[in-house]
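For reference, the chains in residue letters:
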Amino acid sequence: MGIIKLTNNILGSMNEAVSSEVKDQYLEAFRCDSLGQVYLLRKGARLDKTHNNKGNEDVISSGSKVIVAEGQYGLFIDNGKVSDVMTEAGLHVVETDSSPSVFGGGKAKGIIGNAWERFTFAGETPTKQAIYFVNALEIMNLPEGQYSVTYRDPDYRNVYVKGRIVFSIRVVDPVVFYKSVTGQVSGDYKVEDLVGTDSNPGMLIDEACDLTEEAIAKLSDEKIPFAELMGERSILCRKIKNEINKDWKEKRGIEIVHLTLNINASGGSMDRMAQFDQAKIFSDDLPALAAAQVLGQTEAQKIAAGNPAGAVTGVAGLAMMNAVCPCCNYKPENGVLGMFCDACGAKLKD
């Protein structure tokens, strides 16, 4: 009785395996709605006329159809490996020996063989296949990055620069993107999974900021004056984009499509540059320097005369207000120099 009972259990399991294997032979279609600006990758679902899955979700019969829309790539994964990539929109046909279909010309003995193999794997299919759809659109409105860098100007010395970088991306190599970034996700992979959010930018944004700082620092080695840097902004953006794309395309299969850059000098650097320019103008124009000195003396007398503490205190205060950093000619707005210069950081007092 024990042997008969075991035989019955085996036959019952074989019947279930054959039934499941036959269900997997239905030819089916795969399609994906628009991924838009939210999703970068989505696992395809098998649909029949009633929009229900048939058979095992990990088996795709040879001869099944894949509909790739404009703005998408299609990836066919066969037993863990990218077997084919669909880069053109339209209807594609799955052709594989892993899961032949009797409805597509396969042989019945193939079903029995697969059913026995499934039975030996405790009823689970040893074949794993999937369709993934990858977004091929330009992804815009990404979180902006904030950067800061010291620019070595040939005249102004160190200029402290800060700004923001905004860019858009596109997946250009879906195979590299799948292998290196997403892998076999069970459902969707969102844009924010890659780049983060406005309140919490991801590593991709940090990398872009780091490469921006490096590119600006390299421009300073070319002795380009900071005043001309804004005029070189389009060239700078192209350099930054090229540097980033070389790295990201190889490692992640993505590229920057458009990039904009905002460049500003810190308040202390701007004041120091303005004073430097003024001093340079006066050095080249002695009459202008004399006029400025007369104007300064006139203003000093007005300040001294209106000082309740007396003219002597007013003149002393004037001397303090005329304090200038001997290293960079920086003159603070309040006229007071501390132990260190706010602009160049030089030590002024012991």
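First things first, this report covers the structure right here in the doc. The structure displayed is predicted, hence computed values, not measured ones.

**Some words on the overall build of the protein chain**
The helix and strand inventory of the protein chain stands at nine helices and 13 strands. Every one of the 350 residues in the protein chain was classed for burial, and the buried ones make up 37%. Looking at the protein chain alone, contacts between residues at least 24 apart form 69% of all its contacts between residues at least 6 apart. Accessible surface for the protein chain amounts to roughly 19800 Å². Of this, 53% is attributable to carbon and sulfur atoms.

**Regarding the packing of aromatic side chains**
As enumerated under the stated definition, the model contains four aromatic pairs in all. Centroid distance F167 to W248: 5.9 Å. Interplanar angle 55 degrees. Geometry classified as tilted. With F167 in strand β10 (residues 157-171) and W248 in helix α6 (residues 233-252), this pair connects stretches of sequence that are 81 residues apart. Pair check on accessibility: F167 and W248 agree, each one buried.

**Some remarks on helix α5 (residues 203-221)**
Relative to the 27 Å expected for 19 residues at 1.5 Å per residue, α5 spans 28 Å between its end C-alpha atoms, a close match to the ideal helical length. Among the residues of α5, those classed as buried are L204, I205, E207, A208, C209, T212, A215, I216, A217, L219 and S220. Just past α5, the residue K223 takes up positive phi, approximately 65 degrees.

**Observations concerning helix α3 (residues 174-182)**
Along α3, the residues that are buried comprise P174, V176, F177, Y178 and T182. The positive-phi residue at the C-terminal boundary of α3 is G183, with phi of around 70 degrees.

**Here we look at the sheet that holds strand β8 (residues 129-135)**
The strands making up a sheet associate through hydrogen bonds between their backbones, and the pairing can be parallel or antiparallel. Taking strand neighbours across the sheet as the criterion, the five strands line up as β6-β5-β8-β2-β11 in an open arrangement whose pairing is antiparallel. One side of each edge strand has no neighbouring strand; the edge strands of this open sheet are β6 (81-86) and β11 (188-190). Strand-to-strand twist in this sheet, taken as the mean axis angle between neighbours without regard to direction, amounts to 20 degrees. Sheet topology places strand β2 (residues 39-43) next to β11; three bridges connect them, and they run antiparallel. When the sheet's bridge partners are listed, Y39 is paired in β11 with K190.

**Focus on the nonpolar core**
Ranked by size, the top nonpolar core spans 52 residues in total, and within it Y151, F167, I169, F177, L194, F226 and W248 carry the most contacts. Examining the composition of this core, we find that eight residues originate from one element, α5, more than from any other. When residues no more than four places from it in sequence are discounted, the contact partners of F226 are Y151, D153, V159, V161, I263, A265 and M273. Formed by 11 residues, the second largest nonpolar core is a distinct cluster that contains L35, V68, F76 and V94.

**Observations regarding the environment of E88**
Within the secondary structure, E88 sits in the loop between β6 and β7 (90-93). For E88, a relative accessible area of 60% puts it in the exposed group. When the C-alpha positions of E88 and E70 are compared, they lie 7.7 Å apart, and in sequence the two are 18 residues distant.

**Here's the deal with the pattern of salt bridges**
For the coordinates displayed, the defined rule picks out nine salt bridges. Residue E255 pairs with K249 through a salt bridge whose shortest N-O separation is 4.0 Å. Assessed through its relative accessible area of 24%, E255 is described here as partly exposed. Here K249 falls in the partly exposed class, since its relative accessible area comes to 41%.

**With respect to the pairing of strand β4 (residues 65-68)**
Of the two faces of β4, only the one carrying V66 and V68 is buried; K65 and I67 on the other face are not. Sheet topology note: the strand β1 (residues 29-31)/β4 ladder contains two bridges and is parallel. Within β4, the residue paired with F30 across the bridge is V66.

**What about the environment of I67?**
Counting through the fold element by element, I67 comes out in strand β4. Judged by its relative accessible area of 37%, I67 is partly exposed. Excluding anything up to four places from it in sequence, I67 contacts F30, R31, C32, G90, L91 and F133.

**Details of the packing of α5 against α6**
The interhelical angle for the contact between α5 and α6, taken along N-to-C directions, is 135 degrees, at an axis separation of 9 Å. It follows that α5 is oblique to α6 by the angle criterion. The interaxial crossing formed by α5 with α6 has right-handed handedness. Residue-level inspection shows M203, L204, E207, A208, L211, T212, A215, I216 and L219 of α5 in contact with α6, the latter providing L236, K239, I240, I244, D247, W248 and R252. Taken together, the residues that form the contact of α5 with α6 break down as 11 nonpolar, one polar and four charged.

Thresholds applied
Residues numbered from 1 in each chain as written. Predicted model: local features only at pLDDT ≥ 70, side-chain atom pairs only at ≥ 80, totals over all residues. Heavy atoms only, no water. Helix = DSSP H or I, 4+ residues; strand = E, 2+ residues; numbered from the N terminus. Buried < 20%, exposed > 50% of the residue type's maximum accessible area, 1.4 Å probe, protein only. Contact = heavy atoms within 4.5 Å. Areas by Shrake-Rupley, 256 points an atom, 1.4 Å probe, with all protein chains shown as cover. Phe/Tyr/Trp six-rings, centres within 6.5 Å; stacked < 30°, edge-to-face > 60°. Expected span 1.5 Å × (residues − 1). Pairing = 2+ DSSP bridges. Axes fitted to C-alpha atoms, helices over the stretch in contact; angles between N-to-C directions. Core = buried A, V, L, I, M, F, W, Y, C linked by side-chain atoms within 4.5 Å. Salt bridge = Lys/Arg side-chain N within 4 Å of Asp/Glu carboxyl O. Parallel < 35°, antiparallel > 145°, perpendicular 65-115°, else oblique. Left-handed = near helix turned anticlockwise from the far one by under 90°. Nonpolar A, V, L, I, M, F, W, Y, C, P; charged D, E, K, R; others polar.

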